[in-house]
Amino acid sequence: MDTYVFLSASESRLDLILREKIPVLTGVSVSNSKIRRLIFAGKVFVRGKVVRQPYFEVPPKAEITVEIEKEKLLFEKKASDIDFAMTDKNLLYEDENIIAVNKPARFPCEQTFVEERNNLTKAVKEYLFQKLKEKSPNIVNLPYLGIMHRLDKDTSGVIMFTKKREANGFYHNAFENHLIKKEYFAIVSPKNKSAEKWLLKKEFSVSFYMGRISAKSHSAKWGRVEQEKGGVYSKTNFHVEKQLSPDLYLIKCMLETGRTHQIRVHLSSLSLPILGDVLYGGKNAGRVMLHSSKLTLPQIQEKSPLEIFSPFPDDFQTYIK
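Residues numbered from 1 in each chain as written. Predicted model: local features only at pLDDT ≥ 70, side-chain atom pairs only at ≥ 80, totals over all residues. Heavy atoms only, no water.

## Quick notes on the overall build of the chain
Okay, so step 1: A count of helical and extended segments in the chain gives eight helices and 17 strands.
Okay, so step 2: The C-alpha extent of the chain, read off along each of the three principal axes, is 65 × 60 × 40 Å.
Okay, so step 3: A total of 321 residues make up the chain; the buried ones form 45% of that total.
Okay, so step 4: Across the chain, the fraction of contacts at a sequence separation of at least 24, relative to all contacts at a separation of at least 6, is 63%.
Okay, so step 5: When the accessible area of the chain is evaluated, it comes to approximately 17,700 Å², of which 50% is carbon and sulfur surface.
Okay, so step 6: Taken as two groups, the 51 positive and 38 negative side-chain charges of the chain have centres that lie 3 Å from each other. (Helix = DSSP H or I, 4+ residues; strand = E, 2+ residues; numbered from the N terminus. Buried < 20%, exposed > 50% of the residue type's maximum accessible area, 1.4 Å probe, protein only. Contact = heavy atoms within 4.5 Å. Areas by Shrake-Rupley, 256 points an atom, 1.4 Å probe, with all protein chains shown as cover. Lys, Arg positive; Asp, Glu negative; His and termini not counted. Charge placed at Lys NZ, Arg CZ, Asp CG, Glu CD.)

## Some thoughts on the sheet that holds strand 3 (residues 44-46)
Okay, so step 1: Taken together, four strands build an open sheet; the order of strands is 1-6-3-4 and the sheet is antiparallel. Two strands close off the open sheet at either side, each with one partner strand: strand 1 (2-7) and strand 4 (49-50).
Okay, so step 2: In terms of strand pairing, strand 1 meets strand 6 (residues 63-68) through six bridges, oriented antiparallel. Bridge pairing links T3 to E67 in strand 6.
Okay, so step 3: Contacts from helix 1 (residues 14-26) reach strand 1, strand 3 and strand 6, with the element oriented near 120° to strand 1. (Pairing = 2+ DSSP bridges. Axes fitted to C-alpha atoms, helices over the stretch in contact; angles between N-to-C directions.)

## Topic: the packing of aromatic side chains
Okay, so step 1: Counted under the stated rule, the structure contains seven aromatic pairs.
Okay, so step 2: Seen in terms of ring centroids, F185 and F312 are 5.2 Å apart; in terms of plane orientation they differ by 85°. Their pairing is edge-to-face. Of this pair, F185 sits in strand 11 (residues 181-188) while F312 sits in the loop between strand 17 (306-309) and helix 8 (314-320), and the two are 127 residues apart along the sequence.
Okay, so step 3: A relative accessible area of 12% means that F185 is categorised as buried.
Okay, so step 4: Look at Y209 and Y233: their rings are 5.7 Å apart centre to centre, the planes differ by 65°, and that puts the pair in the edge-to-face class. Taken together, the residues span a long stretch of sequence, with Y209 in strand 12 (residues 203-212) and Y233 in strand 14 (residues 232-245) at a distance of 24 residues.
Okay, so step 5: Residue Y209 is classed as partly exposed on the basis of its relative accessible area, which comes to 32%.
Okay, so step 6: Taken together, F185, F312 and F316 form an aromatic cluster joined through their ring pairs. (Phe/Tyr/Trp six-rings, centres within 6.5 Å; stacked < 30°, edge-to-face > 60°.)

## With respect to helix 5 (residues 168-176)
Given 3.6 residues to a turn, an α-helix orients residues that are three or four positions apart in the same direction.
Okay, so step 1: All buried positions along helix 5 are accounted for by N168, Y171, A174 and F175. Considered in projection along helix 5, the buried side chains sweep an arc of 135° and stay on one side of the axis.
Okay, so step 2: Against strand 8 (98-103), strand 10 (156-162), strand 11 and strand 16 (290-297) lie the buried residues of helix 5.
Okay, so step 3: H178, located one to two residues past helix 5, shows a positive phi value of around 60°. (Arc of directions from axis to C-beta.)

## Considerations on the side chain of E183
Okay, so step 1: Residue position: E183 is located in strand 11.
Okay, so step 2: The side chain of E183 sits in the buried core without any salt bridge; K252 is the nearest counter-charge, 4.1 Å away.
Okay, so step 3: Those residues in contact with E183 that lie beyond four places of it in its chain are K252, C253, M254, H291, S292, S293 and K294. (Salt bridge = Lys/Arg side-chain N within 4 Å of Asp/Glu carboxyl O.)

Structure, rendered in structure tokens:
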């Protein structure tokens, strides 16, 4: 890693200063998203203090230190995202308050550091915009869309958004009070004989405190973390649906809490990693074989709960047949 130290010429935004200075220092032309990621990663210091805000106003003649790995600077990661445009066939449910859609695998839910990268939130906004434009041709602004929960990029299935801010409080409270039930299906491949006892039990639960266990500079990985060290309680109930092949099983996963990577971590802790989940010990399969199959939620204007289903995608069907 190379360290570069220089003084700011005049008062300006940190990202603008780096955009001008880094090519001069390194001889490498870098994109705006690379500069932003460098700042977010904590590799930029102003007067000895780390600054993680691209729009930070740097005073004139302030000392700036930048830590750069040239190999990473030159390497442009290619996103494995699919091409996706939201259409009526991906619509699972819609009313005046919410919209539920069928998310494809290998597609991020929301905007990342790479500004030009497509995402589900953007796709759904554009879908709603086009529907509104059919009724009101003069409309110019994208409609509001609120994110109430998230799915990992590789996870497919049902996900719900609010369509107006007034609905946020109701559904936020519903999630906080566990009034919204989420069911998933996972295809798992046992790693050793110790996993067999869980498969024979058919029904079992996993609960422990968990949190991030990887360094900030590495791919995010979660695992067991004591409560005293910042761990958050997590619990998932599992049911073995059927054996798909000598070494593959279909398991229903019913969340009681909703932590990052919760199902993946819980299954891996029993030596039952999800197929495709190489981060947690699973065999490579192109993507993590986890599907959000059902969302049960209360309604603002109705007493009866609403059940929203998502059918298995084609790659799941390949294993289940």
